[in-house]
Amino acid sequence: MQKEQIFSAATVDRAIEKALTELHMDRDAVSVEVIEMGRKGFLGIGASDAKIRVTYEVPDEVKPAQKPAAKVEEKPAPKAEVKTEAKPRPAQDDTPRLVKAAPQSAENKKPVQRPAARPARDEEKPRLVRRASGEKAEQPAAKPTENKKPRREQAEPTVFVKPEEKPEGEWSAEAKAAVQFIDGLLVKLGVEGRAYVTTQSEDDHLRIEIEGPDMGPVIGRRGDTLDAIQYLTSLVLNRGTEEHVRLTIDTENYRGKRAESLERLARKMAGKVARYHKPMTLEPMNPYERRIIHSALQDYRGVTTHSTGIEPNRRVVISPEGGRRYAGKRPQRPQQ
């Protein structure tokens, strides 16, 4: 069964966090639809909160089974009674008679046999075990074996394969400038690590890997910091050049794991849309992540995808095939 609730907060992101906190659910388990975008106003005048509609599934209520109606058994019609004349019984003498038992002789008396008492069980003596030192010690009693269930075999974790490093002598001038800029940026951020060019790089597509003991600050929340580093490096790389060189920066295979997570989310939401015939809006994503959603659902039957909104709040909408392209009010543009 599907339920909906409306939440409001100063911004859309805060409203989503408020909804997830109150519902005790993960972000992938709910669908968010933006009803109104919040407005800051001028000096607090004319400000309004953002409103979202959260759709989620709850288990269906199981109705108690109705007891079948008791069957009424038809009783047969009573038979006609036939009266018979009772015969008179002969008169009996009611005086009690005394009967004397014959005395038993001592020889005829049989001795009463009582069950023999059970012999007391001897307490089990502990066995003596000879230690290596020559002393004798009591052996602990063996514990009874319990029927333990076999443990399920845990799936082996995926092993991250580090990309091969391209020899530094084969780096282009653009690659050296990009690596130098990233290394200087890591020093400014106070993160221990280094960047290098991978062997998967091509003439028009440069691939750089960042390695270090702790890459959490480099990735950031949902890859925001890593995307910012890639954007700044791309500006430095293509500054003053006529040919545009594509750039991809990754660390610890974050791009691949994020793509798999987005594909699972896309298939899950598409199944809900096809089931309930109602469009669902995903969270704001960058162009790279939106492209993954569109590509994952391009052959999915019964649904279509399109993007709506303005950067950086542009979102993907999954709609039933042949249905409405957008449900609810369109987001308002922020006032300049």
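Residues numbered from 1 in each chain as written. Predicted model: local features only at pLDDT ≥ 70, side-chain atom pairs only at ≥ 80, totals over all residues. Heavy atoms only, no water.

Attention shifts here to the overall build of the protein. Within the protein, the regular secondary structure consists of six helices and eleven strands. Taken over 336 residues, the protein has a buried fraction of 27%. A sequence separation of at least 24 residues applies to 59% of the contacts in the protein between residues at least 6 apart. For the protein, the computed accessible surface area is about 27900 Å², with 50% contributed by carbon and sulfur atoms. (Helix = DSSP H or I, 4+ residues; strand = E, 2+ residues; numbered from the N terminus. Buried < 20%, exposed > 50% of the residue type's maximum accessible area, 1.4 Å probe, protein only. Contact = heavy atoms within 4.5 Å. Areas by Shrake-Rupley, 256 points an atom, 1.4 Å probe, with all protein chains shown as cover.)

For the protein, the average pLDDT comes to 76, and 65% of its residues sit at 70 or higher. When pLDDT is averaged over each helix and strand of the protein, the minimum, 56, is found for strand β4 (residues 128–130) and the maximum, 94, for strand β6 (residues 194–197). pLDDT under 50 marks residues 325–331. Its contacts with residues more than four places away, or in other chains, come to 15 contacts. (pLDDT = per-residue confidence, 0-100.)

With that out of the way, let us pick up unusual backbone geometry. Each neighbour pair has its own omega, and for Glu311 with Pro312 the value is 5 degrees, a cis peptide bond. Note on placement: Pro312 falls in the loop between β10 (303–308) and β11 (315–320). In this structure, Arg222 is a non-glycine residue whose phi angle is positive, near 55 degrees. One can find Arg222 in the loop between α3 (216–219) and α4 (224–237). Even without a glycine there, the phi angle at Glu252 is positive, about 55 degrees. Judged by its relative accessible area of 35%, Glu252 is partly exposed.

For the rest of this paragraph, the subject is the environment of Ser261. As for its position among the elements, Ser261 is in helix α5 (residues 254–276). Overall, the relative accessible area of 21% leaves Ser261 in the partly exposed class. On a C-alpha basis, the gap between Ser261 and Asp28 in space is 9.6 Å, while along the polypeptide they are 233 residues apart.

For strand β7 (residues 205–211), a buried count of five out of seven residues is recorded, marking the element as mostly surrounded by other parts of the structure. Bridge analysis of β6 against β7 gives four bridges, and the strand direction is antiparallel. Counterpart to Arg194 in the pairing with β7 is Glu211. Where β7 and strand β8 (residues 246–250) come together, five bridges link them in parallel fashion. Bridging from a neighbouring strand, Ile208 pairs with Ile249 of β8. (Pairing = 2+ DSSP bridges.)

This part takes up the packing of helix α2 (residues 173–189) against α4. Here α2 crosses α4 at 135 degrees, and the two axes come no closer than 10 Å. With respect to α4, the element α2 is oriented oblique. Judged by the twist between their axes, the crossing of α2 over α4 is right-handed. Contacts between α2 and α4 pair Glu174, Ala178, Phe181, Ile182 and Leu185 from the former with Ile229, Leu232, Thr233, Val236 and Leu237 from the latter. Class assignment of the residues belonging to the contact of α2 with α4 gives a composition of eight nonpolar, one polar and one charged. (Axes fitted to C-alpha atoms, helices over the stretch in contact; angles between N-to-C directions. Parallel < 35°, antiparallel > 145°, perpendicular 65-115°, else oblique. Left-handed = near helix turned anticlockwise from the far one by under 90°. Nonpolar A, V, L, I, M, F, W, Y, C, P; charged D, E, K, R; others polar.)

Backbone-to-backbone hydrogen bonds pair the strands of a sheet. The strands run either parallel or antiparallel. With antiparallel pairing, three strands are arranged side by side in an open sheet as β1-β3-β2. This sheet does not close on itself; its edge strands, each paired only once, are β1 (2–9) and β2 (31–36). Between one strand axis and the next, the sheet turns through 25 degrees on average, direction left out of account. Bridging between β1 and strand β3 (residues 50–57) involves eight bridges; their strand directions are antiparallel. From the neighbouring strand, Gln5 faces β3, where its bridge partner is Val54. Across the sheet, helix α1 (residues 12–23) is in contact with β1, β2 and β3; its angle to β1 comes to roughly 130 degrees.

On to the sheet that holds β6. The three strands are arranged β6-β7-β8 in an open sheet whose pairing can be described as mixed. At either end of the open sheet lies a strand with only one pairing partner, and these are β6 and β8. This sheet shows a mean twist of 25 degrees between the axes of neighbouring strands, independent of strand direction.

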